[in-house]
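Structural description and commentary
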Amino acid sequence: MSRIDTLIAQMTLAEKLGQLTMTASGYAVTGPVIAGDSTQSIIDGSLGNLLNMVGPGPSHEMQRLAVEQSRLGIPLLIGLDIIHGHRTLFPIPLAEAGLFDDALWERTAREAAREGAADGLAMTFAPMLDVSRDPRWGRTAEGPGEDPWLNTRIARAKVRGFQGGDLSSAESLAACAKHFVAYSPVNAGRDYAEVDISERTLREVHLPGFAASIEAGVATLMPSFTDLNGVPMTAHVPLLRDWLRGEMGFDGVIVSDYHAIAELMNHGVAANLVDAAVLALKAGVDVDMMSDAYRKGLPVALEQGRVTMAEIDACVRRVLRLKERLGLFDDPYRRGATPEPASVVAERHALAREIAGKSIVLLKNEHDALPLPPTAKKLCVIGPLADAHTEMKGPWWGAGEHEPAVSVLAGLRAALPRAEIRHADGVAIDGDDASGIEAAVALCDGADAVVLCLGERATMSGEAASRATPALPGRQQALADAATTRARALGIPVVAVLFSGRPLVVPRLAEQADALLAAWFLGCEAGHAVADVLTGRISPSGRTPMSWPRAVGQVPIFFGQRPSGRPMNPADYFTSKYHDVENTPLYPFGHGLGYGRFAYDELQVEPQRLGESDTLEVRVALRNVGARAAEETVFLFVRDKVAQVTRPLLELKGYAKLSLQPGEAGTVTLELPATELRYLGPDLQPLYEAGEVEILVGASAELGGLLRQTIELIWDVGDARGVAERAGFEPAEGC
């Protein structure tokens, strides 16, 4: 018998249910603290998994109780939310998505895994793969933005980064793809609310990221809190058991979200904890996080004949197999056994600064307001986010809560030690007190430039942080009005730096400022990164992974919308448009400027006729016609104009980066397998269809700025013959 078979044969029901239970924990002066439990539950085998226990000392102490004092010596699985770094905080995931760089996505996950594992952890509850098209939803900050194809690339990179090439390595963590599935399109953008979407939207937008994570070998997966079309995801048999386990062949661990099994009672599908436990187990949920439904409810359900021991054993087997893959049976103390040297920590901070700088999106730069000229000796830095180092960490800081972070003010003072930098908050992040505006604006007099640091408090984004009006909170717009009016009268530029966990609705600020930066929440090196961009040490290269609305009424807004039967036409009253705002976003998906300026040359696409087994090669020449070195991100989109079902106006299928010196030219080459041009047909099955497809290339999803060519998709001979025979006629030669 294998080790796992032997253990299962020896385990009591209480010990089995312990392996299916995860409880929050911490560490106080008096020792370990376990929510609703005591350390005795580890010793007696009735608790097999912990979350939020951080540090090699505490985690090893808990492991010793499990391994050396429990009857069977089964090690604990200890996990923590490592969302965008562990102690060293990188930019929030939404900001990182704007890198459009698979290697960097993987690298930050790898570094976070190394740092988390050095703290005794074996699991992270990341990546979050919830495609968001509604900036009202607070957890937009934790995800990939609006595009499902981009999400698949991020999913694969993050799983590779967290898990590495060997899950048993002392530097690897088990990744957890969450929140399965369609958590983001909650009603009215309100977290935890119901979700009601079509099967097509589910399969085209929300499932692909999870499919990609499974293909990449993700070890665990977490269902969302929400219901989907009336069925709570924690009890969703068709998706958890049939699609995930059956169709996708996922044999990893499914762990519930925090208290989610008990919340089946709130959903109205379970009358009590026993019902809730039965529903979750039958759907395939292996680990009960914080509900205590399995330990309390399954013994009763087993006695009533509502569940079987075989069903419980199947879950236990998956949990034990994960612990075995992590190497916990062979050496439960390997993670955290060796402290990281100071040089490794320093290198990680340097990486955090690099990634933060690359994540900043320059949304606007009129009159070349940026970079600040070397002659700028006096800066007026105002706004409530200028000296707010804690806010730079974002809404989920994990173990980095008490780690230092660099504010914008500190970053600028370090970058410009000889400059006179005047500072005032002017207003608070929120609240109605405007009494400090006049004094703050007075600091503009005699300055060479004004840097406005505005936006959200970190906790205004993230879980349970939806905003009905995701605009500048409090009196910040009043501060911006006064500062820009004063600066304009003085003839000095205004640079606005926006901090947020989502695209904000800021059309007025965008009009007022000479330059506008989306700085999101950039992590521990935020201030240095912002200073690097403002002073021209680096050229901004981030691109926005979400469309920025002009008004809340445009939400949800995204580039992949379908055309409708009456597409917008200014000359025709009866077409799809608003009376009070343009249809287009303020800034489209992929938008972002640099300190260079790129001219696109002729688009070349080969071959012009493409069979399903072929690969398309797309080439475009670029030249940097600006005065500074810069990096351009080139996007590849497609559009199937005539199909059996209406296709989106644009579908993202590729991206590439090119760095050029002033006056330098270069070529970007992108390859697109014809299989990427399949779509889900009327029966929701993948369909490769002969016909014309438009290939579009450019710097963003702004339709008017894209180069385009049309190619023809053709059936391979064998495919054409099969289609013809099913239709009852002979295909022509050469199809």
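Since we're looking at a predicted model, the values are computed, not measured.

Moving on, we get to the overall build of the protein chain. Looking only at helices and strands, one finds 21 helices and 27 strands in the protein chain. On the principal axes, the C-alpha backbone points of the protein chain span a range of 80 × 80 × 45 Å. Going through the 735 residues of the protein chain one by one, you find that 59% of them count as buried. A sequence separation of at least 24 residues applies to 77% of the contacts in the protein chain between residues at least 6 apart.

Right, let's get into the pattern of salt bridges. Per the counting criterion, the structure on display carries 47 salt bridges. Arg71 serves as the salt-bridge partner of Glu15, at 2.6 Å between the closest nitrogen and oxygen. Separated by 56 residues along the polypeptide, Glu15 in helix 2 (residues 13–19) and Arg71 in the loop between helix 4 (56–69) and strand 4 (77–80) bring together distant segments of the chain. Overall, the relative accessible area of 54% leaves Arg71 in the exposed class. One salt bridge in this structure joins Glu340 and Arg348, with 2.8 Å as the shortest N-O distance. For Glu340, a relative accessible area of 25% corresponds to the partly exposed category. Given a relative accessible area of 1%, Arg348 falls into the buried group. Three or more residues joined by partner-sharing salt bridges are found here, namely Glu111, Arg114, Glu115, Glu171, Glu340 and Arg348.

The next point concerns the pairing of strand 14 (residues 420–424). As paired elements, strand 13 (residues 378–382) and strand 14 share five bridges and run parallel to each other. Among the inter-strand pairings, Lys378 is bridged to a residue of strand 14, identified as Glu420. In terms of handedness, the path from strand 13 via helix 16 (residues 408–415) over to strand 14 forms a crossover that is right-handed.

If you look at soluble globular proteins, the nonpolar side chains tend to sit buried side by side. Counting residues in each nonpolar core, the largest one holds 106 residues, and the members touching the most others are Ile42, Phe125, Phe180, Leu244, Tyr294, Leu298 and Leu320. Broken down by element, this core gets its largest block of residues, seven residues, from helix 12 (residues 273–283). Ignoring anything within four residues of it in the chain, the contact list for Leu298 reads Leu17, Ala277, Val278, Leu281, Ala293, Val307 and Ile312. One finds Leu472, Ala487, Leu504 and Ala526 within the second-largest nonpolar core, a separate group that totals 77 residues.

This part takes up the sheet that holds strand 6 (residues 176–180). Spatially, three strands are ordered 6-7-10 in an open sheet, and the strand pairing comes out parallel. Every interior strand has two partners, whereas the edge strands, strand 6 and strand 10 (253–254), have only one. Pairing geometry for strand 7 (residues 220–223) and strand 10, over two bridges, is parallel. Within strand 10, the position partnered with Leu221 by the bridge is Ile254. Sitting on the sheet, helix 9 (residues 208–215) is in contact with strand 6 and strand 7, with an inclination near 160 degrees to strand 6. Against the sheet, helix 10 (residues 237–247) contacts strand 6, strand 7 and strand 10, and its axis sits at roughly 140 degrees relative to strand 6.

This structure, assessed with the given rule, holds 17 aromatic pairs. An angle of 80 degrees between the planes, with centres 5.8 Å apart, marks the rings of Trp149 and Tyr655 as edge-to-face. Taken as a pair, Trp149 in helix 7 (residues 148–163) and Tyr655 in strand 22 (residues 651–660) lie far apart in primary sequence, 506 residues in all. Pair check on accessibility: Trp149 and Tyr655 agree, each one buried. Each residue in the set Phe100, Trp105, Trp149, Phe559, Phe589, Phe635, Phe637 and Tyr655 is aromatic and connected to the rest through ring pairs, giving one cluster. In this structure, Lys577 packs its charged tip against the face of Tyr573, placed 5.4 Å from the ring centre.

Spatially, the five strands line up as an open sheet ordered 19-27-26-21-22, and their pairing is mixed. With one partner strand each, in any of the chains shown, strand 19 (609–610) and strand 22 form the two edges of the open sheet. Sheet topology note: the strand 19/strand 27 (residues 707–713) ladder contains two bridges and is parallel. Paired with Leu610 across the bridge in strand 27 is Leu713.

Mapped onto the elements, Thr226 comes out in the loop between strand 7 and strand 8 (227–228). Spatially, the C-alpha atoms of Thr226 and Val186 are 8.0 Å apart, while their sequence positions differ by 40 residues. Dropping the residues within four chain positions of it, Thr226 is found in contact with Ala182, Tyr183, Val186, Tyr192, Ala193, Val195, Pro232, Met233 and His267. Only 2.9 Å separates the side chain of Thr226 from the side chain of Ser224, close enough to count as a polar contact.

In this section: the confidence of the model for the protein chain. Mean pLDDT over the protein chain: 95, with 97% of residues reaching 70 or higher. Throughout residues 720–735 the model reports pLDDT below 50, and contacts reaching past four residues in sequence, or to other chains, amount to 13 contacts.

For the rest of this paragraph, the subject is helix 18 (residues 476–490). When the terminal C-alpha atoms of helix 18 are compared, their 21 Å separation across 15 residues agrees well with the 21 Å that a helix rising 1.5 Å per residue should span. Along helix 18, the residues classified as buried are Gln476, Gln477, Leu479, Ala480, Asp481, Ala483, Thr484 and Ala487. Where helix 18 is buried, its residues touch strand 13, helix 17 (437–442), strand 15 (449–455), strand 16 (494–499) and helix 19 (507–512). One or two residues past the end of helix 18 sits Gly491, with phi positive at roughly 75 degrees.

Thresholds applied
Residues numbered from 1 in each chain as written. Predicted model: local features only at pLDDT ≥ 70, side-chain atom pairs only at ≥ 80, totals over all residues. Heavy atoms only, no water. Helix = DSSP H or I, 4+ residues; strand = E, 2+ residues; numbered from the N terminus. Buried < 20%, exposed > 50% of the residue type's maximum accessible area, 1.4 Å probe, protein only. Contact = heavy atoms within 4.5 Å. Salt bridge = Lys/Arg side-chain N within 4 Å of Asp/Glu carboxyl O. Pairing = 2+ DSSP bridges. Right-handed = clockwise from strand over helix to strand, strands pointing away. Core = buried A, V, L, I, M, F, W, Y, C linked by side-chain atoms within 4.5 Å. Axes fitted to C-alpha atoms, helices over the stretch in contact; angles between N-to-C directions. Phe/Tyr/Trp six-rings, centres within 6.5 Å; stacked < 30°, edge-to-face > 60°. Lys NZ or Arg CZ within 6 Å of the ring centre and 35° of its normal. Polar contact = N/O pair within 3.5 Å; in protein donor to acceptor, adjacent residues only side chain to side chain. pLDDT = per-residue confidence, 0-100. Expected span 1.5 Å × (residues − 1).

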